[in-house]
Amino acid sequence: QVQLVESGGGLVQAGGSLRLSCVASGRIDLIESMAWYRQAPGSQRELVARITRSGSTNYAESVKGRFTISSARDNVKNTVFLRMNSLKPEDTAVYYCKATTYFNTDWGQGTQVTVSS
């Protein structure tokens with residue numbers, strides 16, 4: 001099992017930047033990929049960005065060119081970052097980190113991102 005702890009959310013003005021972090025611990029050797037999802041009020045949770053064990057990435061069309069996902073790993077933890085630039089009010093949501101292992105998926109508790117116009 002993998003434990004996930006997110007941080008870095010907050011309130012920012014439109015056009016600003018934030019960096020989210022997600023620290024994965026536990027059986028990080030089983031992680032195939034990690035991803036950021038987001039869920040706005042009244043909307044379904046949607047994929048924002050994903051990074052695989054090999055470093056391949058993919059992004060939602062709405063964030064391409066503005067958001068960058070990256071990761072850093074050591075023997076005891078795997079940290080995934082989401083750098084968010086040129087933020088828009090429509091980026092406002094709770095952002096969740098997800099780890100996909102060979103056996104299941106684990107979710108973080110979420111971090112709120114609010115972009116004011």
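Residues numbered from 1 in each chain as written. Predicted model: local features only at pLDDT ≥ 70, side-chain atom pairs only at ≥ 80, totals over all residues. Heavy atoms only, no water.

**Regarding the overall build of the protein**
The test is simple: Numbering of helices and strands runs from the N terminus; a helix is a DSSP stretch of H or I covering at least four residues, while a strand is a stretch of E covering at least two. As defined in this context, the radius of gyration uses C-alpha atoms, and a globule is described by 2.2 Å times the residue total to the power 0.38. Only protein chains enter the accessibility calculation, which uses a 1.4 Å probe; a residue is then buried when its area is under 20% of its type maximum, exposed when over 50%, and partly exposed in between. By definition, residues are in contact when any of their heavy atoms lie within 4.5 Å. Per-residue accessibility takes into account occlusion by the displayed protein chains alone, with areas from the Shrake-Rupley method and a 1.4 Å probe. Charged residues are defined narrowly, with Lys and Arg counted positive, Asp and Glu counted negative, and His plus the chain ends left uncounted. In this description, the location of a charge corresponds to atom NZ of lysine, CZ of arginine, CG of aspartate or CD of glutamate.
What the protein contains, in helices and strands, is zero helices and 11 strands. Along the chain direction, N to C, the helices and strands of the protein fall in the order β-β-β-β-β-β-β-β-β-β-β. A globule of 117 residues ought to have a C-alpha radius of gyration of about 13 Å, and the protein, at 14 Å, matches this closely. Once the C-alpha set of the protein is aligned to its principal axes, its extents read approximately 40 × 25 × 20 Å. Looking at the 117 residues of the protein, the share that counts as buried comes to 43%. Within the protein, residue pairs in contact and separated by at least 24 positions form 55% of the contacts whose partners lie at least 6 positions apart. As presented, the protein carries roughly 6100 Å² of accessible surface, and 47% of it is formed by carbon and sulfur atoms. The distance from the centre of the 13 positive side-chain charges to the centre of the 9 negative ones in the protein is 3 Å.

**Comments concerning the state of the cysteines**
The following threshold applies: When two cysteine sulfur atoms are found within 2.5 Å, that pair is recorded as a disulfide.
Inspection of every chain in the model, using the stated rule, returns one disulfide. Note that Cys-22 is cross-linked by a disulfide to Cys-97, the S-S spacing being 2.1 Å. Residues Cys-22 and Cys-97 are joined through a disulfide that is left-handed, its torsion about the S-S bond being -80 degrees. Here Cys-97 lies in strand S9 (residues 93–101) and Cys-22 lies in strand S3 (residues 18–26), a separation of 75 residues in the sequence. On the basis of relative accessibility, which here comes to 0%, the residue Cys-97 falls in the buried class.

**Points about the side chain of Lys-98**
What counts, and what does not: By definition here, a salt bridge exists when the distance from a side-chain nitrogen of Lys or Arg to a carboxyl oxygen of Asp or Glu is within 4 Å.
Residue placement: Lys-98 occurs in strand S9. Of the side chains with opposite charge, Glu-32 lies nearest to the buried Lys-98, which makes no salt bridge, at 9.7 Å. For Lys-98, the residues in contact, after removing those within four places along its chain, are Leu-4, Ser-33, Met-34, Ala-35, Tyr-37, Thr-105, Asp-106 and Trp-107.

**Let's talk about the pattern of salt bridges**
In the structure shown here, the tally under the stated rule is six salt bridges. Between Glu-61 and Lys-64 there is a salt bridge, and its shortest N-O distance comes to 2.7 Å. Relative accessible area serves as the criterion here: at 63%, Glu-61 is assigned to the exposed category. In this structure, Asp-91 and Arg-66 form a salt bridge, with 2.8 Å as the shortest nitrogen-oxygen distance.

**Description of the environment of Asp-29**
For the record, the criterion: For the purposes of these results, a polar contact is taken to be a pair of N or O atoms within 3.5 Å, where, inside protein, one atom must be able to donate a hydrogen and its partner to accept one; residues adjacent in sequence count only when each atom of the pair is a side-chain atom.
Here Asp-29 shows up in the loop between S3 and strand S4 (31–39). Along the backbone, Asp-29 and Lys-77 are 48 residues apart, and their C-alpha atoms lie at a distance of 9.4 Å. Non-local contacts of Asp-29, meaning those with residues more than four positions away in its chain, are made with Arg-53, Arg-73 and Tyr-102. Reaching out from Asp-29, the side chain makes a polar contact with the side chain of Arg-27 at a distance of 2.8 Å.

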